[in-house]
Amino acid sequence: MPELPEVETVRKTLVELVVGKTIKEVTVGWPKIIQHPLEYEQFQDALQGQTIIDVNRKGKFLIFILDDYALVSHLRMEGNYRLKNEDDPKDKHTHIIFHFKDGTELRYRDVRKFGTMHLFTKGTEETVPPLSKLGPEPFSKSFTTNYLKEKFAKTERIIKAVLLDQTIVTGLGNIYVDEVLHRAEIHPERKAKSLTDQEIARLREQAAATLQESIAVGGSSVNTYMNSHGLTGSYQEQLLVYGRKGEACLQCGEQIEKIKAAGRGTHFCPNCQKI
DNA sequence: TAACGTACCTGTGCGC
DNA sequence: TGCGCACAGGTACGTT
C-alpha cells in the first residue's frame with residue numbers, strides 16, 4: 001500500500017513520464033473515483049486540452065499541476081499509474097485513462113477502487129479538503145518535539161491511532177507507524193500523552209529517518225505497490241516488524257507479535273517495546 | 001467535541 | 001475440489 005515514500009517514488013517517475021504532455025480526452029470507467037467536481041463529465045470536460053506542467057506531492061496525495069487546474073490524486077491501497085501506448089491491451093482494473101495528444105496514455109489502475117481524485121482550480125487546492133486538513137510531514141520544519149508534545153497532551157488516544165491521524169502528521173501509514181514505533185522503542189498501545197519528552201524526541205527523529213531511508217531505496221513493495229515504471233522498491237527488505245509476526249526481532253531475538261490496535265493489524269516486539 | 005465504528009472494494013488465504 | 005467467510009487497509013462519514 002503506498003505511503004509517503006512510495007507516493008514520492010511515483011511522483012518522481014511521473015515527472016519523467018508525463019510532464020509536458022497535453023490531454024486529448026479522459027475516459028472514466030468508475031465515476032466514484034472522481035470526488036470533485038461531483039459530475040464526472042465536468043472533470044472530463046475541464047481536462048480536455050490541459051497540459052501537465054508539474055507533479056507535486058503533499059503527504060500521500062499526488063498533485064498534477066495543469067494549465068488551469070490542480071488534480072489531487074490519492075492512491076489509497078492499491079492505486080497506481082502506468083504510461084502506455086493507446087493500442088496496448090487494457091486491463092480490467094484500469095478505471096481512469098488520460099489520453100494524450102501524442103498517442104500515449106496515462107492509465108490509473110486500482111484493483112479495489114479505493115483511490116480518489118479531486119480537480120480544483122489551480123491555486124485553490126491547498127485551501128480546501130483534503131489537502132487543507134493535512135498536518136506537517138515528518139521532515140518538515142514545523143514537525144518539532146514541542147509540536148508533538150502539544151498534540152499528544154490534548155488526546156486520550158493510543159500512540160498508534162495518533163500517528164495514523166493525517167491531521168497530526170501526514171505521510172505515515174500502517175506499515176511505517178509500526179516501523180517507527182519499533183525504532184523508537186515505544187509500545188503501540190501506549191497513550192500518546194504518556195510519552196516522555198525523550199520518547200517524543202526519539203519518535204520525531206525516527207519518523208523522519210525511516211521515511212527518508214525508504215525514499216532513498218524507492219519505497220517498499222508490500223503486496224501490490226509498483227511505481228509508474230512498473231518497478232518495485234526495496235525498503236520491505238529492511239522492515240523490522242511489519243509482516244514479521246512470529247519471526248525473531250532483529251534487535252533482541254524475541255518473537256514479533258501481531259495485535260489489533262486502533263482497528264489495524266499492528267506488529268511490535270514485546271521486549272523492545274514494553275508498555 | 002473526541003473517539004470509535006463502519007462503509008467503501010476485491011483478491012487472497014484459510015477452514016470446512 | 002470448491003465454496004464461503006474473514007481479512008487486508010486510508011479516509012470519509014455516521015454514531016456514541
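Rules and cut-offs
Residues numbered from 1 in each chain as written. Chains lettered and ligands numbered in written order. Predicted model: local features only at pLDDT ≥ 70, side-chain atom pairs only at ≥ 80, totals over all residues. Heavy atoms only, no water. UniProt positions renumbered as here; feature names shortened; annotations may be inferred. Helix = DSSP H or I, 4+ residues; strand = E, 2+ residues; numbered from the N terminus. Buried < 20%, exposed > 50% of the residue type's maximum accessible area, 1.4 Å probe, protein only. Pairing = 2+ DSSP bridges. Axes fitted to C-alpha atoms, helices over the stretch in contact; angles between N-to-C directions. Left-handed = near helix turned anticlockwise from the far one by under 90°. Contact = heavy atoms within 4.5 Å. Nonpolar A, V, L, I, M, F, W, Y, C, P; charged D, E, K, R; others polar. Domains from an automatic or database assignment. Buried area = accessible area lost by both parts, 1.4 Å probe. Salt bridge = Lys/Arg side-chain N within 4 Å of Asp/Glu carboxyl O. Phe/Tyr/Trp six-rings, centres within 6.5 Å; stacked < 30°, edge-to-face > 60°.

Asks: Which parts of the structure should I look at to understand the UniProt feature "domain: FPG-type" (unreviewed entry) in chain A?
Replies: The sites that UniProt annotates as "domain: FPG-type" (unreviewed entry) are residues 240-274. Regarding residues 240-274, the helix share stands at 0% and the strand share at 29%, and the terminal C-alpha atoms are separated by 16 Å.

Asks: Please explain the pairing of strand S7 (residues 94-100) as it appears in this structure.
Replies: Consecutive side chains of a regular strand alternate in pointing toward one face of the sheet and then the other. Along S7, seven of the seven residues are buried, which leaves the element largely enclosed by surrounding structure. Direction of pairing for strand S1 (residues 23-28) relative to S7: antiparallel, over a ladder of five bridges. Opposite isoleucine 23, over in S7, you have phenylalanine 100 as the bridge partner. Pairing analysis gives five bridges linking S7 to strand S8 (residues 104-109), with the strands arranged antiparallel. Counterpart to phenylalanine 98 in the pairing with S8 is leucine 106. Linkage of S7 to S8, two consecutive antiparallel strands, is achieved through a turn of three residues, within which glycine 103 is found at a positive phi near 90°.

Asks: I would appreciate a short explanation of the UniProt feature "domain: Formamidopyrimidine-DNA glycosylase catalytic" (unreviewed entry) in chain A in the present structure.
Replies: According to UniProt, the "domain: Formamidopyrimidine-DNA glycosylase catalytic" (unreviewed entry) feature falls on residues 2-115. Between the end C-alpha atoms of residues 2-115 there is a gap of 11 Å, over a span that is 20% helix and 41% strand.

Asks: Mind showing me how you'd approach the packing of helix H3 (residues 145-153) against helix H6 (residues 197-216) here?
Replies: For any two helices packed against each other, the geometry comes down to the angle between their axes and how far apart the axes lie. At a minimum axis distance of 9 Å, the contact between H3 and H6 shows a crossing angle of 115°. At the point where H3 passes H6, the crossing takes the right-handed sense. Of H6, the residues touching H3 (which contributes Thr145, Leu148, Lys149 and Phe152) are Asp197, Ile200, Ala201, Leu203 and Arg204. When grouped by side-chain class, the residues that make up the contact of H3 with H6 number five nonpolar, one polar and three charged.

Asks: How should the domain arrangement of chain A be read in this particular structure?
Replies: Many analyses report the size of an interface as the accessible area lost when the parts associate. We note that the domain assignment places domain 1 (4-133) and domain 2 (145-268) within chain A. Contacts between the two partners involve 19 residues from domain 1 and, on the opposite side, 20 residues from domain 2. Overall, the association of domain 1 and domain 2 removes approximately 1600 Å² of surface from exposure, summing both partners, and the carbon and sulfur fraction of that is 59%. Looking only at domain 1, the three residues that lose the most surface to domain 2 are Pro5, Glu6 and Lys60, adding up to 30% of its buried area. For the pair domain 1 and domain 2, the interface holds zero salt bridges. For the side of domain 1 that touches domain 2, the secondary structure elements donating two or more residues are helix H1 (4-18) and strand S6 (80-85).

Asks: Sorry if this is basic, but what is going on with the packing of aromatic side chains here?
Replies: Evaluated as defined, the whole model comprises three aromatic pairs. Arranged with centres 5.4 Å apart and planes meeting at 70°, the rings of phenylalanine 64 and tyrosine 81 form a pair that is edge-to-face. Within this pair, whereas phenylalanine 64 is found in strand S4 (residues 61-66), its partner tyrosine 81 is found in strand S6, the two being separated by 17 residues in sequence. You'll find phenylalanine 64 and tyrosine 81 in the same group, each marked buried. Residues tyrosine 81 and tyrosine 108 carry aromatic rings whose centres are separated by 5.2 Å and whose planes lie at 55° to one another, so their mutual orientation is tilted. Here tyrosine 108 lies in strand S8 and tyrosine 81 lies in strand S6, a separation of 27 residues in the sequence.

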